[in-house]
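Fold and geometry: a report
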Amino acid sequence: MSKRRVPEDVEGQRPPRVVALGGGHGLHASLSALRRVTTDVTAVVTVADDGGSSGRLRRELGVLPPGDLRMALAALCGDDDWGHTWSQVLQHRFRSEGELHGHAVGNLLIVALWELLGDSVAGLDWVGQLLGAHGRVLPMSSVPLDIAAEVAGIDPSRPGGLTTVRGQVACASTSGRVRSVSLIPEDPPASPQAVKAVREADWVVFGPGSWFTSVLPHLLVPDLAHALVTTRARRLVALNLSPQKGETEGFRPETYLEVLHEHAPKLGVDVVLADRGTVDEVEPLEHVVRRLGGRLVLADLVREDGTPRHDAERFAAALEGVLGG
């Protein structure tokens, strides 16, 4: 059980107001760390998942895909028995020979509240209250989205040729190299609550996570992208620990930042946080960080067992040093 204590409000001061962007396991990692650092954290989550339980519910009921939202809520559960239990309940998947096979309990709970309340944000807030979540979870858009990727190298006869691949699962599992992504529809409505959270934040955190399908899509929702560019909040980019086959295969640490800049050239960066052990050449990364207007912070973030996953306590300590600086 964690021994880190979340800073309490003191007279005349408040903990940093942080918005974390992403989806899936990457956002789960950042939220698991951030809830140890501040009592005011909001997750703004991608809504383009089209696979598994989320994809089935999306196609059958026409709702936002709930899976990444569920994982964010699970990450914000506390370290006490209540938090551990509800996190496990949310993440539990049915195993059967019938229609329930593969569905996550949390997905069904979230969709049930959406149907009852007719409001996706209110439904997520109710789930958060039930869990005692240490923060709030919001969708990045009020409608379900699709991701389209320009991918090189799918056709062996045209190694430099580009192919358009549609769907988050297809983009994430492509055998080629993703060059860029776009959203369908092209001009989706942002969640007003997400835009408001970004404008009122002290810090906005990008990553870690699937770069093209979880992190960059937030910058393709016009109103949200405008808020991210113009907010007074400082911006932190947390780099991935290892490349992801298809999406970021062959990426060096600085490549993530170069791709981020290509998709959002007006976005400034204040801090780039990277794991010390994954950066074999510091100078190229520092050069790109300085070009974007930020500073590089190296820390030990990976789990001690060597698996390429963030250690929540180490990640929290690094974030606390940056956010409190």
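Below is a short write-up of the structure.

About the thresholds
- Residues numbered from 1 in each chain as written.
- Predicted model: local features only at pLDDT ≥ 70, side-chain atom pairs only at ≥ 80, totals over all residues.
- Heavy atoms only, no water.
- Helix = DSSP H or I, 4+ residues; strand = E, 2+ residues; numbered from the N terminus.
- Rg over C-alpha atoms; globule rule 2.2 N^0.38 Å.
- Buried < 20%, exposed > 50% of the residue type's maximum accessible area, 1.4 Å probe, protein only.
- Pairing = 2+ DSSP bridges.
- Axes fitted to C-alpha atoms, helices over the stretch in contact; angles between N-to-C directions.
- Contact = heavy atoms within 4.5 Å.

Structural notes on the overall build of the protein chain
For the protein chain, the helix and strand inventory stands at 13 helices and ten strands. Scaling as 2.2 N^0.38, a compact globule of 325 residues should have a C-alpha radius of gyration of about 20 Å, and the protein chain matches this with 19 Å. Summarising its shape, the C-alpha atoms of the protein chain cover approximately 55 × 50 × 40 Å along the three principal directions. Looking at the 325 residues of the protein chain, the share that counts as buried comes to 52%.

Quick look at the sheet that holds strand 10 (residues 295-299)
Read from one edge to the other, the open sheet built from seven strands follows the order 3-2-1-7-8-9-10, with strand pairing classed as parallel. Unpaired on one side and paired on the other, strand 3 (136-139) and strand 10 mark the two borders of the sheet. Pairs of neighbouring strands in the sheet enclose a mean axial angle of 20°, with direction left out of account. The sheet contact formed by strand 1 (residues 17-22) and strand 2 (residues 40-45) spans six bridges and is parallel. Within the sheet, the bridge partner assigned to Ala20 lies in strand 2 and is Ala43. On top of the sheet, helix 1 (residues 24-34) reaches strand 1 and strand 2; it is set at about 165° to strand 1, its chief contact.

Topic: the environment of Asp187
Relative to the helices and strands, Asp187 is located in the loop between strand 6 (177-184) and helix 8 (192-200). Here the alpha-carbon distance between Asp187 and Val221, two residues 34 residues apart in the chain, equals 6.5 Å.

Here we look at the sheet that holds strand 5 (residues 162-166)
Strand order in the open sheet made by the three strands is 5-4-6, with antiparallel pairing throughout. Each edge of the sheet is formed by a strand with only one pairing partner; in this case those strands are strand 5 and strand 6. Ignoring strand direction, the axes of neighbouring strands in this sheet form an average angle of 25°. Relative to strand 6, strand 4 (residues 146-152) runs antiparallel, the two sharing seven bridges. The partner of Ala152 across the bridge, within strand 6, is Arg177.

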